[in-house]
Amino acid sequence: MALNMRGVLSLACFILTLGLVERVVSFDLARNDNLAVYWGQDSSGDQKRLSFYCQDSTIDVFPIAFLYIFRGAGGEPVIDFANICNQWDQGTFPGTDLANCTIMAQDIKTCQAAGKLVTLSLGGATGQVGFSSDSQASSFADQVWNLFLGGESDIRPFGDAVLDGVDLDIESGTPAHYAAFVNRIRSNAGEAKFNATTFALNATAHANTTHANTTHSHDQEHGRANATTSHGKTNDTTVIDVTNKNKYYYITAAPQCPYPDAYIGAALNQAPFDAVYVQFYNNYCGLDQPSDYNFATWDNWAKTKSANPNVKVYIGAPGSSDSAGQGYVGVDTLSNYVSSAQAKYSSFGGVMLWDASTAHKNGRFDLGIKTAMTTSALRITPEQKPRNATTTTAAASSTHASATRKHSSTAKAGATPRVNSRVFRL
């Protein structure tokens, strides 16, 4: 043979290394041990860049907060991510108050390449939000689609980074017309007939029938293998295309635990959301009030009222005692709530924390609850695959999914209130 043994071993090591580097755990909404953690408002006073919190497998979803003004100067929205990017320190696009946060693009793509979702949270405690009509809501959805998601615009605050969806943390303004906003996002994404579960099933079926047609090319300039085909299909060692716009876009909300939520409650019944991150803190029904804790009410809503019968309900909790005015409980107490929900409620999807900086500073509270949650999931729902058995290539699932949709996503698209603590806080 032309190759000696040393050459064969070297080649094998290279292939194995490439495969390990590029294989990641894709987000699976159907699981009951996901962790969503808000990032962006520097609640600890020591917030790190987004990519800092993506260095391990602890967090699955990052809603980045906030887009807090819907209609600012020049008709563009306003975003603020505290010490990382804001309109004063990083500058704005001409004629607007929309911050140019292209410095965050690589961080977003780094997290996505690790199989995590990065979504944009709209609203917040001090948000200037709301719509006067369905038409205005639909137009704003087009704007968000073009600026942050799968559309096109001359100004994109995160450059070529394409976010994975939107989160509605609406705590002010009028509750009307949010269903029109959600439905327009779904329409722009070509997802009107799908939810995350059915979309994934269709994508898998399509991938199985087309996998045999996958071909490979080579990057001759750099002498590296390129496993992406002209159709965007990939094998297990694909370099992840995190700028791919043909993917499923998730829509979530963060209602307060008093049911129904005063601001987003109507939309939750009228439009399909993928998950709700219920704020069980700063309220009488918080985690620190076990006699009034009402996850059962939200589970009943998910099964009888929700426009999406597969919607997932998360337990929203503070990441530390400094994260909220009231409602903080330790990891042991929170894990008891989690294991109970895993055993009783099929709608349970995981835990949401506010926020990344405080949870990390609080002895890795995020890691503590994720470990407890995955451990109890293995015991309570053994039919659910362990996380290390669900390893896949994130790009493969997103690019395979694109083949089940219209390829038009790159075109421009025509209750008791909680205690408000600090600015922008959930």
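Now for a quick tour of the structure.

Side note on the environment of T358
Point 1. Within the fold, T358 resides in helix α9 (residues 356-361).
Point 2. Residues T358 and S44, 314 residues apart in the sequence, show an inter-C-alpha distance of 4.9 Å.
Point 3. Dropping the residues within four chain positions of it, T358 is found in contact with S43, S44, G319, S320 and S323.
Point 4. A polar atom in the side chain of T358 sits 2.7 Å from the side chain of S323.

Some remarks on the state of the cysteines
The bond known as a disulfide is covalent and runs between the sulfur atoms of two cysteines.
Point 1. Applying the stated criterion across every chain yields a total of 3 disulfides.
Point 2. C85 shares a disulfide with C101; S-S distance 2.0 Å. The chirality of the disulfide connecting C85 with C101 is left-handed, given an S-S dihedral of about -90°. You can see C85 sitting in the loop between β4 (78-79) and α2 (105-113) and its partner C101 sitting in the loop between β4 and α2, a full 16 residues away along the chain. Just as C85 is buried, C101 falls in that class too.
Point 3. Each sulfur of the disulfide joining C257 and C285 lies 2.0 Å from the other. Judged by the sign of its S-S torsion, about 95°, the cystine formed by C257 and C285 is right-handed. Here C257, found in the loop between β9 (250-253) and α6 (265-270), pairs with C285, found in the loop between β10 (275-279) and α7 (295-304); they are 28 residues apart in sequence, far enough to count as distant. Like C285, C257 is buried.
Point 4. Along the chain, the cysteines that take part in disulfide bonds pair up as 1-4, 2-3, 5-6, counted in sequence order.

Definitions and limits used
- Residue indices follow the written sequence of each chain, beginning from 1 at its first position.
- Local features in this predicted model are restricted to residues of pLDDT 70 or higher, and side-chain atom pairs are both shown and tallied only at a pLDDT of 80 or more, whereas totals for entire chains, interfaces and linings draw on every residue.
- Water and hydrogen atoms play no part in the side-chain values, which are based on all heavy atoms of the structure.
- Numbered from the N terminus, helices here are DSSP runs of H or I no shorter than four residues, and strands are runs of E no shorter than two.
- Whether two residues are in contact is decided by their heavy atoms, any of which lying within 4.5 Å being enough.
- Two N or O atoms count as a polar contact when they lie within 3.5 Å, although within protein this holds only if one can serve as hydrogen donor and the other as acceptor, and sequence-adjacent residues are included solely when both atoms are side-chain atoms.
- To count as a disulfide, a pair of cysteine sulfur atoms needs to be within 2.5 Å.
- Categorising residues by exposure relies on relative accessible area from a 1.4 Å probe, with only protein chains included: less than 20% of the type maximum marks a residue as buried, more than 50% marks it as exposed, and the intermediate range marks it as partly exposed.

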